[in-house]
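Okay, here's what each chain looks like letter by letter:
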Amino acid sequence: MCGIVGLLVKTPALREKLGELMVPMLIGMTERGPDSAGLAVFGNPLAETERKISIYSGLTEDGADFNWLGLGHALKEHLGVAVSVEPKGNHAILSFDVAPAIIKRWIAEHHPKLHILSTGRSIDLYKDIGTPAEVAARYGFDKLTGSHLVGHTRMATESAVTPDRAHPFTAGEDFCLVHNGSLSNPNGIRRMLEPRGIRFETDNDTEAACRFLEWRLREGDDLETALQKGFEELDGFFTFLMGTPDKLALIRDPFACKPAVVAETDDYVAIASEFRSLAHLPGIKHATVFEPAPEEMYVWNA
Amino acid sequence: MERLTFDLAAQPLRELNTFLHTGAKEGKVGHVTVLNPDGAHNIAVGLDCPIDVEVVGHAGYYAGGMNKAATVTITGSAGTGVAENMMSGKVHVKGFASNGAGASAHGGLLVIEGDAGLRCGISLKGGNIVVGGSVGSFSAFMAQAGRMVICGDAGDALGDSLYEAVLYVKGEVKSLGADAQYEEMSAEDIAAVASLLDQAGLDHDPKAFKRIASKRSLYHWNADANQEY
């Protein structure tokens, strides 16, 4: 079992309240996923040549006391790159104006225990072990702003309870995926992708789905075509919720083994595993509430 | 008869269910209104006395499960397993219902005015189900007794491995499951559909329904069939 939540605001004024509206949604899924939680939030993109990465330091010796500003200085000193650093405990967001591979290579060499969570122009990502309420408070989820987000509460079944195995998973740039369910052919997917130079960071089944879909997008598929290939190649139980800079997408396996409910108003589209995570939303009593059908694609534009 | 209201925004669900299992049996309260259900699980489960319960809003998993004698009405939608294992009485969902609605119900009537998800009426054991909208795939799987009236369409594998339950569908059936077949509607069938539609408060022409029942070819093991079912 796991819980998924997604929120996309249509009214620009609600972008300031994205986090505030979402925190009760995430906490509402505590019973479905009490061991870890996380979310990816999409906001205004950086300039075309700029990139940002979200990094996790919980696996280093210093943990939440990791010297993030020192990391920024070191990058400036060794690579001559100006890096802006936004630390939040054991997470930080680094922004810069060079190819992210340069920064990531240096970090992997000098701080191998730092874990890169996401890369892109729009995406910020937070995930850690703990209850959804603890994780939300740890990073001030209620203060987050942006146009849309995907969140997840985890009850681990397929791999260990560690921060890097929490969701969302990312691959490439500005793409993330959360998963409720379990895949039966993740190793087959890995064996298909690894010879193509795609590297995996964990043994988690969701990572296989995430890397498969991002690979399809990178090969030139549009989101709908990539999802159709997902239906053909990914076997098992899943409700997937995916985020890109301008889209939120949802699919469910043909047996609809894992739940999902959508509530839509003029102001927002909200998705959750169960209605109890939507009950607090403003105007919910007059929202269009429906259950997404199995093997259908639902794509909402930010 | 008295009326009582429970507001689940202010009172724990356990208070409601405890009353329905104990105080309600004294027979003084005839109607209970449940406000702000907000998708909570197990609302009004295991009732065993004749009382009306009206849930105003959306219910979570297993609402009205194991119901006996009571009438439970949900004005919004219902989550997974509504009226699961119902014994008697009635559960009426005004909105849609998620997967496994009415699973293994032994008796009583489940009415879903909107659509039902997958596996509606799975392993039905004698209850009746009327769905105003459509049902998802694998509905009535291994249904043993009772009737299902489906006013809309049905997904894949309707009535797979059906025993003696009978299904009536007005709309399109995407596919029948193994051992299910269309049969002629008799006068008795038309009367049964008319009666169930009437009890459900739905207005459809009973003659417009098709009957689906078991071929009974799976009842006995056939070693020569070679997985050809």
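Please read these numbers as outputs of a predicted model, since none were measured by experiment. (Residues numbered from 1 in each chain as written. Chains lettered and ligands numbered in written order. Predicted model: local features only at pLDDT ≥ 70, side-chain atom pairs only at ≥ 80, totals over all residues.)

1. Some points on the sheet that holds strand β10 (residues 176-183) of chain A
All names here are of chain A.
Now for step 1: Read from one edge to the other, the open sheet built from five strands follows the order β9-β10-β11-β12-β16, with strand pairing classed as antiparallel. Of all strands in the sheet, those with a lone pairing partner are β9 (169-170) and β16 (297-301), marking the two edges.
Now for step 2: Direction of pairing for strand β12 (residues 247-252) relative to β16: antiparallel, over a ladder of five bridges. The partner of Ile-251 across the bridge, within β16, is Met-297.
Now for step 3: Against the sheet, helix α6 (residues 205-218) makes contact with β9, β10 and β11 (236-244), and its axis sits at roughly 130° relative to β10, the strand it touches most. (Pairing = 2+ DSSP bridges. Helix = DSSP H or I, 4+ residues; strand = E, 2+ residues; numbered from the N terminus. Contact = placed C-beta atoms within 7 Å. Axes fitted to C-alpha atoms, helices over the stretch in contact; angles between N-to-C directions.)

2. So, the domain arrangement of chain A
All names here are of chain A.
Now for step 1: What the domain assignment reports for chain A is domain 1 (2-45 + 130-301) and domain 2 (52-121).
Now for step 2: Contact with domain 1, which involves eleven residues of that partner, is made by eleven residues of domain 2.
Now for step 3: The class makeup of the residues in the side of domain 1 that touches domain 2 is six nonpolar, one polar and four charged. (Domains from an automatic or database assignment. Nonpolar A, V, L, I, M, F, W, Y, C, P; charged D, E, K, R; others polar.)

3. So, the interface of chain B and chain A
Quite often, the size of an interface is put as the accessible area lost when its parts meet.
Now for step 1: If you look at the interface, chain B gives 14 residues, while chain A gives ten residues.
Now for step 2: Across the side of chain B that touches chain A, the residue classes break down as three nonpolar, ten polar and one charged.

4. Section: the packing of helix α2 (residues 68-79) of chain A against helix α3 (residues 100-110) of chain A
Residue and element names in this part refer to chain A.
Now for step 1: Running from N to C, α2 and α3 cross one another at 110°; their axes reach a closest spacing of 11 Å. Put simply, α2 runs roughly perpendicular to α3. On the side of α2, the interface is formed by Leu-75, His-78 and Leu-79, while α3 contributes Ile-102, Ile-103 and Trp-106.
Now for step 2: For the contact of α2 with α3, the per-class residue count stands at five nonpolar, one polar and no charged. (Parallel < 35°, antiparallel > 145°, perpendicular 65-115°, else oblique.)

5. Concerning the packing of α6 of chain A against helix α7 (residues 223-233) of chain A
All names here are of chain A.
Now for step 1: Between α6 and α7, the least distance of the axes is 9 Å, while the angle of their chain directions is 140°. With respect to each other, α6 and α7 are oriented oblique. For the element pair α6 and α7, the recorded crossing hand is right-handed. Touching Phe-212, Leu-213, Arg-216 and Leu-217 of α6 are Leu-223, Ala-226, Lys-229, Gly-230 and Glu-233, all from α7.
Now for step 2: The class makeup of the residues in the contact of α6 with α7 is five nonpolar, one polar and three charged. (Left-handed = near helix turned anticlockwise from the far one by under 90°.)

6. Considering helix α1 (residues 18-28) of chain A
All names here are of chain A.
Now for step 1: A large share of α1 lies buried, amounting to eight of its eleven residues.
Now for step 2: Within α1, the full set of buried residues consists of Leu-18, Gly-19, Met-22, Val-23, Met-25, Leu-26, Ile-27 and Gly-28.
Now for step 3: Looking at the packing, one finds that the buried side of α1 touches β1 (2-9), β2 (36-42), α4 (132-138), β8 (148-154) and β14 (268-272). (Buried ≥ 20, exposed ≤ 12 C-beta atoms within 10 Å, placed from the backbone.)

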